[in-house]
Amino acid sequence: MVEHMKSTATELTRPDGTPLRVLVVDDEENIAELLRMALRYEGWDVEVALTGTRAVGTAKRQRPDAVVLDMMLPDFDGMEVLRRLRGDQPDVPVLFLTARDSVEDRVAGLTAGGDDYVTKPFSLEEVVARLRALMRRAGARQAESDSTLQVGDLTLDEDSHEVTRDGEDIALTATEFELLRFLMRNPRRVLSKAQILDRVWNYDFGGQANVVELYISYLRKKIDSGREPMIHTMRGFGYVLKPAA
């Protein structure tokens, strides 16, 4: 499942504070568009090229901070695109995409100068995480940001892990805190159980979706008990957090 969710990690920008630029090169238009949407949701400027020729021309104009590059293209392969990109921008980080999963292909891509490698099918979260790591190493700046989230009279401090509602302290477990943080980073947005599982339990949770219902009930007892409710169930869709009426 593909979900489009902005990362909870610190935002990265160019050294001058402007959005990072990413070039996505893939001849499968649906994959390229999914990547475009996911990376734009990170706040990055994204250009898409469906051929190697278009990729080289776009890179010269865009001057990307990172490139997501499919190995198999209709005109020439990713290796040739990489060679031409590096001729113009020697240090641009490149993340290869490929449907092939052999050791030989991985080695070939990396020894040709690629910085990292993801095989199809991939999760968008994995691509975003790897791009962030590549761009951090390349010198992207971590934007200064307020560590406090606020929705209505509910406040969450991401640094101190303190949570209050209408000035009253609320004690949460680590998992309850992560769940509330995800809800508060997406106020008024309906989040499905699958989205919550993917984000809060990091894709590796083996249980059933009813764990989400369980932790939502825990949160409600602490956040909404005796107050106007903020956490709402949208039957058939998921959950939404919004300021009390």
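The structure this text deals with has already been given above.
Computed from a predicted model, the values in this text were never measured in an experiment. (Residues numbered from 1 in each chain as written. Predicted model: local features only at pLDDT ≥ 70, side-chain atom pairs only at ≥ 80, totals over all residues. Heavy atoms only, no water.)

1. Thoughts on the sheet that holds strand E11 (residues 168-170)
- On the basis of which strands lie adjacent, the open sheet formed by 4 strands has the order E8-E9-E10-E11 and antiparallel pairing. With one partner strand each, in any of the chains shown, strand E8 (148-151) and E11 form the two edges of the open sheet. Direction aside, the axes of adjacent strands within the sheet are offset by 25° on average.
- Alignment of strand E10 (residues 163-165) against E11, held across 3 bridges, turns out to be antiparallel. In the strand pairing of E11, Arg165 is matched with Glu168.
- Packed onto the sheet, helix H6 (residues 174-185) meets E8, strand E9 (154-157) and E10 and runs at close to 115° relative to E9. (Pairing = 2+ DSSP bridges. Helix = DSSP H or I, 4+ residues; strand = E, 2+ residues; numbered from the N terminus. Axes fitted to C-alpha atoms, helices over the stretch in contact; angles between N-to-C directions. Contact = heavy atoms within 4.5 Å.)

2. Side note on the nonpolar core
- Leu154, Leu180, Ile196 and Leu241 are the most contacted members of the largest nonpolar core, which totals 27 residues.
- The set of elements that each furnish at least two residues to this core consists of E8, E9, H6, helix H7 (193-200), helix H8 (210-223) and strand E13 (238-241).
- Excluding residues within four positions of it along the chain, Leu154 makes contact with Leu149, Val163, Thr164, Arg165, Ile170, Leu180, Met184, Ile223, Met230 and Leu241.
- If you look at the next biggest cluster of nonpolar residues, it comprises 24 residues, including Leu12, Ala66, Leu95 and Leu97. (Core = buried A, V, L, I, M, F, W, Y, C linked by side-chain atoms within 4.5 Å. Buried < 20%, exposed > 50% of the residue type's maximum accessible area, 1.4 Å probe, protein only.)

3. Some thoughts on the packing of aromatic side chains
- Evaluation of the coordinates by the stated rule reveals 1 aromatic pair.
- Relative to Tyr218, the ring of Tyr215 lies with its centre 5.1 Å away and its plane at 75°, an arrangement referred to as edge-to-face. Placement of the pair is Tyr215 and Tyr218 together in helix H8, with a separation of 3 residues, close to one helical turn. (Phe/Tyr/Trp six-rings, centres within 6.5 Å; stacked < 30°, edge-to-face > 60°.)

4. Some points on helix H5 (residues 124-137)
- Between the first and last C-alpha of H5 there are 20 Å, a value that for 14 residues agrees with the 20 Å anticipated at 1.5 Å per step.
- Buried-residue contacts for H5 involve strand E1 (12-13), strand E2 (21-25), helix H1 (29-41), strand E4 (66-70), strand E5 (94-98) and strand E6 (116-119). (Expected span 1.5 Å × (residues − 1).)

5. A look at the sheet that holds strand E3 (residues 45-49)
- With respect to topology, 5 strands assemble into an open sheet ordered E3-E2-E4-E5-E6, the strand pairing being parallel. In the strand order of this sheet, the two ends are held by E3 and E6, each with one partner. Put simply, the sheet's adjacent strands are angled 20° from each other on average, direction ignored.
- Across 4 bridges, E2 lies against E4 in parallel orientation. Residue pairing across strands places Val24 opposite Val68, the latter belonging to E4.
- Helix H2 (residues 52-62) contacts E2 and E3 of the sheet and is inclined by roughly 155° relative to E3.

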